[in-house]
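Residues per chain are reported as follows:
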Number of protein chains: 2
Amino acid sequence: MFSGEASRPSGGENSLATRAAWLSFIGGLTQDEIASRLSMSRVKVNRLIAQAHRDGLIRVFIEGTPQECVTLEDRLCRMFGLSGCFVAPMLDEGERPLPVETLAVAGARVLHNALETGQARIIGVGHGRTLAAMADRLPRQPRDGVRFVSLLGSLTRNAAANPFDVIHRLCERTGAESYFLPVPFFADTGEDKAVLMAQRSVRHALDLGRQADLVIAGLGEVASGSFLVKTGMITVEELDELHRLGAVGEILGRFFDAKGRLVDAEINARAIAIDLADLQGKEVVILAGGKSKPQAIRSILSTGLVTRLVTDEATAHAVIEAAPQGN
Amino acid sequence: MFSGEASRPSGGENSLATRAAWLSFIGGLTQDEIASRLSMSRVKVNRLIAQAHRDGLIRVFIEGTPQECVTLEDRLCRMFGLSGCFVAPMLDEGERPLPVETLAVAGARVLHNALETGQARIIGVGHGRTLAAMADRLPRQPRDGVRFVSLLGSLTRNAAANPFDVIHRLCERTGAESYFLPVPFFADTGEDKAVLMAQRSVRHALDLGRQADLVIAGLGEVASGSFLVKTGMITVEELDELHRLGAVGEILGRFFDAKGRLVDAEINARAIAIDLADLQGKEVVILAGGKSKPQAIRSILSTGLVTRLVTDEATAHAVIEAAPQGN
DNA sequence: ACGGACATCGAACGAATGTTCAGCGGGGAG
DNA sequence: CTCCCCGCTGAACATTCGTTCGATGTCCGT
């Protein structure tokens, strides 16, 4: 019946360890006090407790919802060598494919922190709905000496949620200076791109982008329902080509495949944006979540390009579970 | 109503505390590392962890029992024919008469185990400070299909540590259903008791209690400083009568003498609680310890009513040593 | 607006904890 | 018996933790 702990070995030495651990963790005594109570040196008490710890005699439970999230964060950090990770508790029980709201709040918190602590002076910014929402969620906080710079072309047919808009909102809320690229998202041809990239204002902004301490970007998907397609940034033909070449996601205007390598699509050569190689060594944060994103997240994380991930609980689960066991 | 839950929402801050605590205790990170990961100062991390500790978000169990305690457990089991026994290493060298903390942790461990292994579906619950503390120490663990039922009257003048409160906390932590008797602890007269016992809700709860797989109760003492007296549940006159009749302890609202027999006190006839005879054949666990309890423990154990004892080391010693040498 | 009560923050310091290392002693082989 | 090996021990040191205190910010009432 009640098969409790009737048969527990409890070896001699182990017994002392248990007692020391009990006094320390539950009794809240200091190791010195335990030492004198058990008539041994403090060092020995320390060793006993360490042993109890190694032997798994100590079970710790942490209350609270975010516990699961923290678990996920930890696993993601270790799995992909991230320097940081934030998994937001799911807000939207509903099946909206993009938990924009959740990510926006979480991202705003991350950015707010970075600003608050003055860690970042120049901040590179990507594009996308999530980033735009994040900018909206950022508390107003005047920040002198901070500069936001867009890392990609700005002018598009669609006014909402383009890089210019994101930058605009950010600088409005912080009073920071903002820089953006007064050129299209994608040039029409490779030659056009060269011309546009040569513009002084573009060069200046890109130079600034290369000096950024912190980069915040979203992650685009490659699907007919994707943001880029729906807003007419890329055509269905281009989408087809991307699919054919195995593209699974997009970051800062560049499309990459399941291994995180840039695909050889013609459109990738026309993107007017900072070179991804220039991000090496920077703190690169991406905000990404939703049912269609796990694979793209996994791919880009595996490259080591990204140092921080902000996502939601469901997506974190999906990323971890679908990940190949390696690394 | 007796709302045991006075905690403010504080989702955001509490969430941070949980994260910090998790990273510290489970992740094993140093506070510096946590600070940099959460982008805050180390001092703040320290404060968050301290807060988590204060709020009781952190539960620690120690597996195993020191050898000396195992010996005591074994002797108690054989001496009183118990099916199980748990002797907690003593914490309070000091002179606190009631090692509530120790028993609470130990009891929580026992209950946690019972829930974990799914051995108990319906659990009868008594009253008292120790049980209330135990409920507080129980880790949150959603358990479907488990029902807690109070075995005695609930409504009293004192809001804290009454059966309702214990039940309430337990169900809050496990998500289980809870049942309690919406009547006083003691009826004013025997007739009142009959009326109250006839209430459908009372009958229903008591019926459920009779089906319990597991019963967890405390052990009350008969002294002017006892919990029941101090909270005004029984008067000094009643206490005197109990003394005169040789009462040495109380379990589930009934007072018994040194031989474990219910005393013929008038108050015993007014207690609104499950009949002790209905506990026959059940797993009955009692949590009891402290300098004033050994005699009561010995008496009740000698009846065979109790199948499991959770106590502290000092009390275990006292129970064994003062026991009549036989067997 | 002003000022005061109050909360919050982080540098700094002392306490507690974890780790290293030289010394000790027992036991086995030569 | 001597020597070496090995594990244990605790002093000393290094790291981490917890608390205090003054500074700074925030809220609210006059």
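Quick caveat: nothing in here was measured; it's all calculated off a predicted structure.

Caption draft 1: Examining the overall build of chain A more closely. Assigned secondary structure in chain A consists of 13 helices and eleven strands. Across the 327 residues that make up chain A, the buried fraction comes to 54%. Of the contacts made within chain A by residues no fewer than 6 positions apart, 70% connect residues no fewer than 24 positions apart. Counting every atom, chain A has about 14,400 Å² of accessible surface; 50% of that belongs to carbon and sulfur.

Caption draft 2: Quick peek at helix H13 (residues 313–322) of chain B. Residue and element names in this part refer to chain B. Every buried residue of H13 is accounted for by Glu313, Thr315, Ala316, Val319 and Ile320. Each buried residue of H13 sits inside an arc of 165° when the element is viewed along its axis, so together they form one side. N-capping of H13 is provided by Asp312, with a side-chain oxygen placed 3.2 Å from the backbone N of Ala314.

Caption draft 3: Seen up close, the protein's contact with DNA strand C. Neighbouring DNA strand C are the residues Thr30(A), Gln31(A), Arg42(A), Val43(A), Asn46(A), Arg47(A), Ser41(B), Val43(B), Lys44(B) and Arg47(B). Within 4 Å of the protein, the contacting atoms of DNA strand C are 47% sugar and phosphate, with bases supplying the remainder. Between DNA strand C and Thr30(A) there is a distance of 2.6 Å, counted from a phosphate oxygen to a side-chain nitrogen or oxygen. At 3.0 Å from a phosphate oxygen of DNA strand C is found a side-chain nitrogen or oxygen belonging to Lys44(B). Within the residue set of the surface near DNA strand C, elements represented by two or more residues are helix H3 (42–54) of chain A together with helix H3 (42–54) of chain B. No other element matches H3(A), which puts four residues into the surface near DNA strand C. Taken together, the residues of the surface near DNA strand C sort by class into two nonpolar, four polar and four charged.

Caption draft 4: Broad picture of the interface of chain A and chain B. Opposite the 42 residues of chain A that make contact, chain B presents 52 residues. A combined buried area of about 4,300 Å² lies between chain A and chain B, and 57% of that area is made up of carbon and sulfur atoms. For the interface between chain A and chain B, the tally reads twelve residue pairs in polar contact (both at pLDDT 80 or more). Going through the elements one at a time, helix H1 (12–26), strand E1 (58–62), helix H4 (66–80), strand E2 (84–88) and helix H5 (100–116) of chain A are the ones with two or more residues in the side of chain A that touches chain B. By residue class, the composition of the side of chain A that touches chain B is 20 nonpolar, twelve polar and ten charged. Examined bridge by bridge, E1(A) and strand E1 (residues 58–62) of chain B share five bridges and lie antiparallel to one another. Bridging across to E1(B), Arg59(A) finds its partner in Phe61(B).

Caption draft 5: Molecular detail of the pattern of salt bridges. Tallied over the full model, the rule gives 26 salt bridges over all chains. Between Glu63(B) and Arg109(B) there is a salt bridge, and its shortest N-O distance comes to 3.3 Å. Residue Glu63(B) is found in the loop between E1 and helix H4 (67–80), and its partner Arg109(B) is found in helix H5 (residues 100–116); the two are separated by 46 residues along the sequence. For the residue pair Glu63(B) and Arg109(B), the accessibility class agrees, reading buried in each case. Across the pair Glu283(B) and Arg308(B) runs a salt bridge, and its minimum N-O distance is 3.1 Å. Placement of Glu283(B) in strand E10 (residues 283–287) and of Arg308(B) in strand E11 (residues 308–312) is noted, with a sequence separation of 25 residues between them. In terms of burial, Glu283(B) and Arg308(B) fall into one category: buried. Several salt bridges converge on common partners, so that one network encompasses Glu63(A), Arg59(B), Arg140(B) and Arg173(B).

Caption draft 6: Structural context of the sheet that holds strand E7 (residues 220–221) of chain B. Residue and element names in this part refer to chain B. Ordered by their spatial adjacency, three strands build an open sheet running E7-E8-E9, and the pairing between neighbours is antiparallel. Where the open sheet ends on each side, the last strands, each with one partner, are E7 and strand E9 (254–257). Note that strand E8 (residues 247–251) and E9 share four bridges and pair antiparallel. Pairing of Ile251 across the sheet is with Arg254, part of E9.

Caption draft 7: Structural view of the protein's contact with DNA strand D. The immediate surroundings of DNA strand D are formed by Ser41(A), Val43(A), Lys44(A), Arg47(A), Thr30(B), Gln31(B), Arg42(B), Val43(B), Asn46(B) and Arg47(B). Sugar plus phosphate, as a fraction of atoms of DNA strand D within 4 Å of the protein: 44%. The contact in question runs from a phosphate oxygen of DNA strand D to an N or O atom on the side chain of Lys44(A), over 3.1 Å. Where the surface near DNA strand D is concerned, the elements lending two or more residues are H3 of chain A together with H3 of chain B. Of the residues in the surface near DNA strand D, the class split is two nonpolar, four polar and four charged.

Caption draft 8: Spotlight on the side chain of Ser299(B). Along the polypeptide, Ser299(B) turns up in helix H12 (residues 294–302). In contact with Ser299(B), not counting residues within four places along its chain, are Val248(B), Phe256(B), Asp257(B), Ala258(B), Lys259(B) and Gly260(B).

Caption draft 9: Quick look at the domain arrangement of chain A. Examined at the domain level, chain A breaks down into domain 1 (12–54) and domain 2 (66–322). Computed over C-alpha atoms only, the centres of domain 1 of chain A and domain 2 of chain A are separated by 50 Å.

Caption draft 10: The arrangement of unusual backbone geometry in detail. The phi dihedral of Leu252(A) falls on the positive side, at around 50°, and the residue is not glycine. Among the structural elements, Leu252(A) can be located in the loop between strand E8 (247–251) and strand E9 (254–257). Phi at Ser39(B) is positive, roughly 60°, even though this residue is not glycine. Assignment of secondary structure puts Ser39(B) in the loop between helix H2 (31–37) and H3.

Caption draft 11: Local environment of the state of the cysteines. Residue and element names in this part refer to chain A. Throughout the structure, instances matching the rule amount to zero disulfides over all chains. Here Cys69 stays free of any disulfide, with the sulfur of Cys85 as its closest cysteine sulfur at 10.0 Å. The exposure class assigned to Cys69 is buried, which follows from its relative accessible area of 0%.

Caption draft 12: Representation of the sheet that holds strand E7 (residues 220–221) of chain A in the model. Residue and element names in this part refer to chain A. One open sheet accounts for three strands, arranged E7-E8-E9; its pairing is antiparallel. Pairing within the sheet leaves two strands with one partner each, and these edge strands are E7 and E9. Strand contacts of helix H12 (residues 294–302): E8 and E9, with the helix running at about 70° to E8, the strand carrying the most contacts.

Rules of the game
- Residues numbered from 1 in each chain as written.
- Chains lettered and ligands numbered in written order.
- Predicted model: local features only at pLDDT ≥ 70, side-chain atom pairs only at ≥ 80, totals over all residues.
- Heavy atoms only, no water.
- Helix = DSSP H or I, 4+ residues; strand = E, 2+ residues; numbered from the N terminus.
- Buried < 20%, exposed > 50% of the residue type's maximum accessible area, 1.4 Å probe, protein only.
- Contact = heavy atoms within 4.5 Å.
- Areas by Shrake-Rupley, 256 points an atom, 1.4 Å probe, with all protein chains shown as cover.
- Arc of directions from axis to C-beta.
- Polar contact = N/O pair within 3.5 Å; in protein donor to acceptor, adjacent residues only side chain to side chain.
- Near = heavy atom within 4 Å.
- Nonpolar A, V, L, I, M, F, W, Y, C, P; charged D, E, K, R; others polar.
- Buried area = accessible area lost by both parts, 1.4 Å probe.
- Pairing = 2+ DSSP bridges.
- Salt bridge = Lys/Arg side-chain N within 4 Å of Asp/Glu carboxyl O.
- Domains from an automatic or database assignment.
- Disulfide = S-S within 2.5 Å.
- Axes fitted to C-alpha atoms, helices over the stretch in contact; angles between N-to-C directions.

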